[in-house]
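Fold and geometry: a report
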Amino acid sequence: MTWARSVPAELLEVRAAEVARLARVSRGGDRDRSATARALLRVAVGAWTGTGADRVVIRSACALCGATDHGKPFVASTPAIPTPPHVSVAHAHDVVVVAVTAAGPVGVDVEPAGAARFEGFEAVALSDVERATPGVREPAAWIRTWVRKEAVLKATGLGLAVDPRCVVVSAPHEPPRVIQPPAADDAAHWQLADVAIRPGVICSVAVRTGPSGSLEVQVTDLDRLALISGGSSVRNSHPSNR
Ligand SMILES: CC(C)(COP(=O)(O)OP(=O)(O)OC[C@H]1O[C@@H](n2cnc3c(N)ncnc32)[C@H](O)[C@@H]1OP(=O)(O)O)[C@@H](O)C(=O)NCCC(=O)NCCS
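None of the values given here were measured: they were computed from a predicted structure.

Considerations on the overall build of the protein chain
A count of helical and extended segments in the protein chain gives six helices and 11 strands. Over its C-alpha trace the protein chain gives a radius of gyration of 17 Å, about what one expects of a compact globule, namely 18 Å for 242 residues. Overall, the protein chain is about 50 × 40 × 35 Å in size when its C-alpha atoms are taken along their principal axes. For the protein chain, buried positions account for 51% of its 242 residues. Pairs at least 24 apart in sequence give 57% of the contacts found in the protein chain among residues at least 6 apart.

Remarks on the sheet that holds strand 11 (residues 220-221)
If you trace the four strands from one edge of the open sheet to the other, you get 4-5-1-11, paired in mixed fashion. Edge positions in the sheet fall to strand 4 (86-92) and strand 11, since each of these pairs with one other strand and no more. When strand 1 (residues 2-5) meets strand 5 (residues 95-101), the two strands line up antiparallel, connected through four bridges. When the bridges of strand 5 are listed, Arg5 appears paired with Val95.

A word on helix 1 (residues 16-23)
Of all the residues in helix 1, the buried ones are Glu18, Arg21 and Leu22. For helix 1, the angular spread of buried residues about the axis comes to 95°, placing them on one side. Opposite the buried face of helix 1, at more than 90 degrees from it, the exposed residues are Ala16 and Ala23.

So, a nonpolar patch on the surface
Taken together, the side chains of Leu11, Leu225 and Ile228 define a hydrophobic patch exposed on the protein surface, amounting to about 300 Å² of accessible area. Tracing the backbone through its elements, the reader meets Leu11 in the loop between strand 1 and helix 1.

Quick word on the pattern of salt bridges
Once their charged atoms are close, side chains differing in charge can pair, the charge on each being opposite to the other. Tallying each qualifying case throughout the model produces 11 salt bridges. In this structure, the salt-bridge partner of Glu122 is Arg137, at a minimum N-O distance of 2.9 Å. Here the residue Glu122 occupies a position in helix 3 (residues 121-125), and Arg137 occupies one in the loop between helix 4 (128-131) and helix 5 (139-156), the gap between them amounting to 15 residues. For Arg148, the salt bridge is made with Asp194, and the minimal N-O distance between the two is 2.7 Å. A residue pair is termed long-range when its members are at least 10 positions apart, and Arg148 in helix 5 and Asp194 in strand 9 (residues 190-195) qualify at 46 residues. Residue class for Asp194 comes out partly exposed when judged on its relative accessible area of 29%. Salt bridges sharing common partners tie together Arg5, Asp94 and Arg198.

Concerning the confidence of the model for the protein chain
Do not read the predicted coordinates in detail wherever pLDDT is low. Summary statistics for the protein chain give a mean pLDDT of 90 and a share of 94% for residues scoring 70 or more. A low-confidence stretch, residues 235-242 stays under pLDDT 50, and its non-local contacts, those more than four residues away or across chains, total 19 contacts.

Some points on the packing of aromatic side chains
By the definition in use, this model includes five aromatic pairs. Between Phe118 and Phe121 the ring centres are 5.3 Å apart and the planes differ by 85°, which places this aromatic pair in the edge-to-face class. Seen from their ring centres, Phe118 and Trp142 are 6.1 Å apart, and the 90° between their planes marks the pair as edge-to-face. One end of the pair, Phe118, is in the loop between strand 6 (106-112) and helix 3; the other, Trp142, is in helix 5, and 24 residues separate them in sequence. Accessibility expressed as a relative area gives 33% for Phe118, which makes it partly exposed. Residue classification places Trp142 among the buried residues on the basis of a relative accessible area of 5%. An aromatic cluster is present here, built from Phe118, Phe121, Trp142 and Trp146 joined pairwise through their rings.

The rules behind these values
- Residues numbered from 1 in each chain as written.
- Predicted model: local features only at pLDDT ≥ 70, side-chain atom pairs only at ≥ 80, totals over all residues.
- Heavy atoms only, no water.
- Helix = DSSP H or I, 4+ residues; strand = E, 2+ residues; numbered from the N terminus.
- Rg over C-alpha atoms; globule rule 2.2 N^0.38 Å.
- Buried < 20%, exposed > 50% of the residue type's maximum accessible area, 1.4 Å probe, protein only.
- Contact = heavy atoms within 4.5 Å.
- Pairing = 2+ DSSP bridges.
- Arc of directions from axis to C-beta.
- Patch = residues over 30% accessible without salt bridge, like charges linked within 9 Å, V, L, I, M, F, W, Y side chains within 5 Å.
- Areas by Shrake-Rupley, 256 points an atom, 1.4 Å probe, with all protein chains shown as cover.
- Salt bridge = Lys/Arg side-chain N within 4 Å of Asp/Glu carboxyl O.
- pLDDT = per-residue confidence, 0-100.
- Phe/Tyr/Trp six-rings, centres within 6.5 Å; stacked < 30°, edge-to-face > 60°.

Take a look at the structure:
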């Protein structure tokens, strides 16, 4: 996984294909985070594959409606990257996180540690089991539960189109584990990890690895200058992230 602080979109190389997508993101902060996420994703995939960021093509596809201007991002298969890794993106405040792996469909989520519980959280987000977990309403607990769940939902590519109450994750004070994945999938096919990005940020990552999978997460932080320069200084720097 790679994270960076959000950079003003104007300072980043925005690919022609991304201009229209970003134009639809109305708020400046959101636009900066989204542009940063795409740039970071190119850098991280470029380093992971050893091809360099400039040869990485990122697209999106909505698993529900088929549109290509929203939905889960993916790395296009090209001669430079014939077997692309799975990827996921999350952002919160000034933090942007991307996950890159060959292990299987991946989802990452990040939230500020002090985020306020949204209206109706328990009713719309928690399963009966989770609702009965002692302390789940405490700030650190509910945020951890939520990022674990959202990571699983993002791995499927459906996001919140799936009812979060159908996904059950381990209690926030217990080791991360998917207890009930979406669509009656087998929990043994899923791996879940809590990831320490930096203080004040709660992050989890989920991968559908299949039956014999395991998950080892490596975290890299990328400074803004490397991001603005298109990642040339980090080319080939993370071969062990495979
Ligand atoms: C994906 C989703 C959970 C993200 O929630 P969020 O907390 O607002 O944002 P996050 O920071 O966690 O993640 C944002 C990133 O998720 C990614 N994303 C978008 N849709 C996604 C999906 N369906 N699955 C996985 N990832 C998705 C994008 O990369 C996005 O960043 P970008 O817009 O800068 O590229 C939420 O937006 C969602 O559920 N969307 C799907 C809703 C839907 O069904 N739409 C149907 C349209 S036809």
